[in-house]
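# Summary of structural features
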Amino acid sequence: MQKNEILKLLADFIAIESVSTDKSRTLAMGQAGEFLARTLTHMGFEVTAHRIADAPPFIIGAYRVAGAHETMGVYGHYDVQPEDPVDAWHSPPFKLTSRDGKLYGRGVADDKGHIIQNIVALQQLIATKKLNKNIVCFFEGEEESGNKHLNDFLALGEARILREPDVWLVTDMGASGSGEPQIWNGLRGIVYFEITIETSNKDAHSGIYGNRVHNPAQLLCDLFARMKDAHSVVVQIPHFYDNIIFPTPTEYASLLTQSDSDASLRARSGAHVLPTTWGPFPGAPSDMPLALTSKLLPSLDIHGVWGGYIQDGVKTIIPARANAKFSCRIVAGQKPENVARLVHDFVCAHIPPGVSIKLTQKEGSEAFYTAVDNLWTKRIAGALEHTFKTPVRYNRSGGSIPVAQALQQKFSKPVILTGFTLPDDNIHAPNENYDEQMFWKGIEALELIYTS
Ligand code: BES
Ligand code: MN
Ligand code: MN
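### Remarks on helix α1 (residues 3-14)
- The end-to-end C-alpha distance of α1, which contains 12 residues, comes to 16 Å, matching closely the 16 Å that a straight helix rising 1.5 Å per residue would cover.
- For α1, the full list of buried residues reads Ile 6, Leu 9, Leu 10, Phe 13 and Ile 14. An end-on view of α1 places all buried positions within 135° of arc, on one side of the element.
- Summarising the contacts, the buried residues of α1 are in contact with α2 (26-42), β5 (102-104), α3 (112-127) and α13 (436-451).

Here is the structure:
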C-alpha cells in the first residue's frame, strides 16, 4: 500500500468519533465497527459482527491460509477516550494531522493507529502471498470504558473462533523513550467507582444552616482525605495492601534499571513538581523509586469531583449532594471484588448514619501477569529485535487492558503485549500523537511478526 493510502485509511478511522463512554456517540461506535468489518472483508477476511446488549459491536475476522498450521490472534480496540479539553488541542482531535514528525489525533496512538498498522501489515502480506499463518482479528469498542460486556461475550458460542489462535498479539502499548521495542509482562487491573453523597433534598443557605446540617461536599472531601494520604500517597483503607504479590528480586532489579528518571517523568507527565516523599507502603521496599510505585503497587485515584455551585460568581449554599468518580488499580494477588468490598465497607464506616450514599462499582478487571520464557515470546521478540536492531525490553505498566487477562484466562495461550508508540504520545490527553517513524517501522515489524 502507498503511504498516502495508508494515511487516508488512518484519517478516515480517526474521523469516526468512537468515544465509547459518551452515550451520545453510540452511532459512531457502530460506524467504527463497520469500518473495520468492511476493511477486513475487502482483504478477504470472513467477518462477523456481534452485538450483545448495548455494547458496541465485537468484530471478528478470520483469514485462512491454505496449508498453514499456526493461527495468530490480533486484538485491538476501536474506541477512544473523550477528546476534552478540546481547547488544549493544537489541531482538531478527530482530524488526523501530521506535524513535526508526529501524527496527531484522538486515538491515533491508543489504539486506532495500531489497528491500522496491523491491517496494513496483513494486507501487504496477503497481496504478496507471504502470509503463512491463519489470522483471527478481534476488535472491540468497549476498552476505554471498562469492557463491561467482554466476559459475557467471550462466554458465548459466537466467540468460539477465538479459541483458534495459538497466540494472541495485543498491540496496545508502546516502546521505550529511546524507541526500543518492549514486551509488557505485567499490567494492573482496575476497579472503578462512582459515588454520590446526599444529605438533604434541597440546597440550603449556608449562613442559616451551616454547622447545623451535614455538608455533603465536606463529607466527600473528608472521605477521600481519609482514604489516601495525599502526601505519602499511601492508601489508608484497612487491608488494602494485603496479599499483594511482589515481583521476584530478579524482575525487580530489571525494573529498577528501566524506571523513568525524575526529569523524564516530569516532562512526560507535565507535572509542575513531583512528590518529595512517598511511602512506606506495606510490604514494599522502603527505598522503592517513585516511578515503580505505579507499576508494582495498588493505588487509588480520584478522577472527577462535582457538586454544589460551580458557575461564575458567588453563591452561598450548602449543596444537597456531592459526587465523584474514582478508581483503584490492583496488582497480582488482589481480586476486583475484594477491593470493591474494602472500599464499600470503608465508605459506609465513614459517612454518618442517615446520610444517603450511592456507591456504584462501574467496572472491574483483574491484573495481568505473564511469563516471557515461551517460544512465541521469543519469536516475536526476535522479529522486533530484527526490525529495530536493538534488544527488546521486558517491562510492566501501571495501566490496564482488561482483555489481556481475559484472553489468557479463557484460552490459556500466550498473550503478548507490545506496540510502537512513544512515552510522549499523550494518550487520553490533548494532542495524542504517534511518532511517524515508529508508525512505519511498526508496520515493518508486524509483517515480520506475522511471518516469523
Ligand atoms: N492502551 C491503554 C493501556 C496502556 C497502559 C497503554 C500503559 C500504555 C501504557 C488502554 O487503552 C487504557 O487506557 N486502559 C484503561 C482501562 C480503563 C479505562 C478500564 C486504563 O488503563 O485506564
Ligand atoms: Mn489502549
Ligand atoms: Mn486507553
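### Observations concerning the sheet that holds strand β18 (residues 433-435)
- The strand order across the open sheet formed by 3 strands is β4-β5-β18, and the pairing between neighbours is antiparallel. At either margin of the open sheet sits one strand with a lone partner, and together these are β4 (97-99) and β18. This sheet shows a mean twist of 25° between the axes of neighbouring strands, independent of strand direction.
- For β5 and β18, the ladder comprises 3 bridges, and the chain directions are antiparallel. When the sheet's bridge partners are listed, Lys 102 is paired in β18 with Asp 435.

### Thoughts on the coordination of the manganese ion (ligand 3)
- Within the first shell, the manganese ion (ligand 3) binds the protein through Asp 110 (OD), Glu 144 (OE), Glu 144 (OE) and His 428 (NE2), at distances of 2.0 to 2.6 Å.
- What the 6 donor atoms of the manganese ion (ligand 3) show is an angle range of 56 to 153° at the metal, which sorts the shape as irregular.
- In primary-sequence terms, the residues that donate to the manganese ion (ligand 3) follow D-x33-E-x283-H.
- Between the manganese ion (ligand 3) and the manganese ion (ligand 2), the interatomic distance is 3.6 Å, and Asp 110 donates to each metal, bridging them. Of this pair, Glu 144 sits in the loop between β6 (134-140) and α4 (150-155) while His 428 sits in the loop between β17 (415-418) and β18; the two residues are 284 residues apart in sequence, bridging distant segments of the chain.
- Taking the relative accessible area as the measure of exposure, Glu 144 reaches 14% and is therefore buried.
- For His 428, a relative accessible area of 41% puts it in the partly exposed group.

### A short note on the side chain of His 114
- Checked against the element boundaries, His 114 lands in helix α3.
- The buried category is assigned to His 114, whose relative accessible area is 0%.
- Of the polar contacts made by the side chain of His 114, one reaches the side chain of Tyr 434; its length is 3.3 Å.
- Leave out the neighbours within four places in its chain, and His 114 touches Val 108, Ala 109, Thr 171, Asp 172, Met 173, Gly 419, Phe 420, Thr 421 and Tyr 434.

Definitions and cut-offs
- Residues numbered from 1 in each chain as written.
- Chains lettered and ligands numbered in written order.
- Predicted model: local features only at pLDDT ≥ 70, side-chain atom pairs only at ≥ 80, totals over all residues.
- Heavy atoms only, no water.
- Helix = DSSP H or I, 4+ residues; strand = E, 2+ residues; numbered from the N terminus.
- Expected span 1.5 Å × (residues − 1).
- Buried < 20%, exposed > 50% of the residue type's maximum accessible area, 1.4 Å probe, protein only.
- Arc of directions from axis to C-beta.
- Contact = heavy atoms within 4.5 Å.
- Pairing = 2+ DSSP bridges.
- Axes fitted to C-alpha atoms, helices over the stretch in contact; angles between N-to-C directions.
- Donors = N, O, S within 2.8 Å, 3.2 Å for Na, K, Ca; no water.
- Tetrahedral: all angles 85-135°; square planar, octahedral: opposite > 155°, others 65-115°.
- Polar contact = N/O pair within 3.5 Å; in protein donor to acceptor, adjacent residues only side chain to side chain.

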